[in-house]
Amino acid sequence: MTAPRLRLHLERTGDAHFDAILGGGIPAQSVVVVAGEPGTGKTVFTLQLLFQAAREGKTCLYVTTLSEPAIKVIRYMQFFDFFDADRLDDRIVLADIGADVRGGPDDVLAALTRLVHQHDPNLVAIDSSKAVADLMPDSRTARSFAYELATQTSAWGATTLLLGEY
């Protein structure tokens, strides 16, 4: 008798061609780094994925740090076909933790944890996670923060997208 084959659940990105390249989407409950130069579409890709998930009934949390304010993000997203204003606040929660970033890594982790407990998201996007690391006083602190963040995201059980200009 053969053991049942385990299948990895995948999150669709909202782009059928990209999903095909990825073998169906990105692994659910994983941590994915969305990296690129400024203007390469990291935020657009991520929001397209979140709107796709929201259409599937999933709750999404999009957190800005020291990048674009949420209101500016909404203003620009309205020009894309995937944008659906009815999904905002219903299935897609936008939050700004810029003040917490200035407070340091412990404040950032506390703010993220509070938001996750409050909204219980299936997907979490942090834009920009690199901006947080850039404010750390040294590489040891940045590495500790990255480890703690990875540990926290695993405990949340959500698919996590870390955006940054890497």
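The model shown is predicted, which means the values in this text are computed figures rather than measured ones. (Residues numbered from 1 in each chain as written. Predicted model: local features only at pLDDT ≥ 70, side-chain atom pairs only at ≥ 80, totals over all residues. Heavy atoms only, no water.)

A. Main features of the nonpolar core. Membership of the largest hydrophobic core comes to 22 residues, with the highest contact counts inside it found for Leu61, Ile97, Val108, Leu112, Val124, Phe145 and Leu149. Counting only elements with at least two residues in this core, the list comes to strand S4 (60–64), strand S5 (92–96), helix H5 (105–119), strand S6 (123–127) and helix H7 (139–156). Per-element tally for this core: the top contributor is H5, with six residues. Aside from chain neighbours lying at most four places away, what touches Leu112 is Val63, Ile97, Ile126, Leu149 and Trp156. In terms of nonpolar packing, the next biggest core, distinct from the first, is built from 21 residues, Val34, Val73, Phe83 and Leu161 among them. (Core = buried A, V, L, I, M, F, W, Y, C linked by side-chain atoms within 4.5 Å. Buried < 20%, exposed > 50% of the residue type's maximum accessible area, 1.4 Å probe, protein only. Helix = DSSP H or I, 4+ residues; strand = E, 2+ residues; numbered from the N terminus. Contact = heavy atoms within 4.5 Å.)

B. Seen up close, the packing of aromatic side chains. Applying the stated criterion to the full structure yields four aromatic pairs. The interplanar angle of 20° and the centroid separation of 5.4 Å between the aromatic rings of Phe80 and Phe82 together place this pair among those described as stacked. Since its relative accessible area comes to 10%, Phe82 is described here as buried. (Phe/Tyr/Trp six-rings, centres within 6.5 Å; stacked < 30°, edge-to-face > 60°.)

C. Just the pairing of S5, in detail. Two strands pair when backbone bridges link them, and S4 and S5 are joined in this way by five bridges, in the parallel orientation. Paired with Tyr62 across the strands is Leu94, a residue of S5. Following the backbone out of S4, through helix H3 (residues 70–77) and into the adjacent parallel S5, one traces a crossover that is right-handed. (Pairing = 2+ DSSP bridges. Right-handed = clockwise from strand over helix to strand, strands pointing away.)

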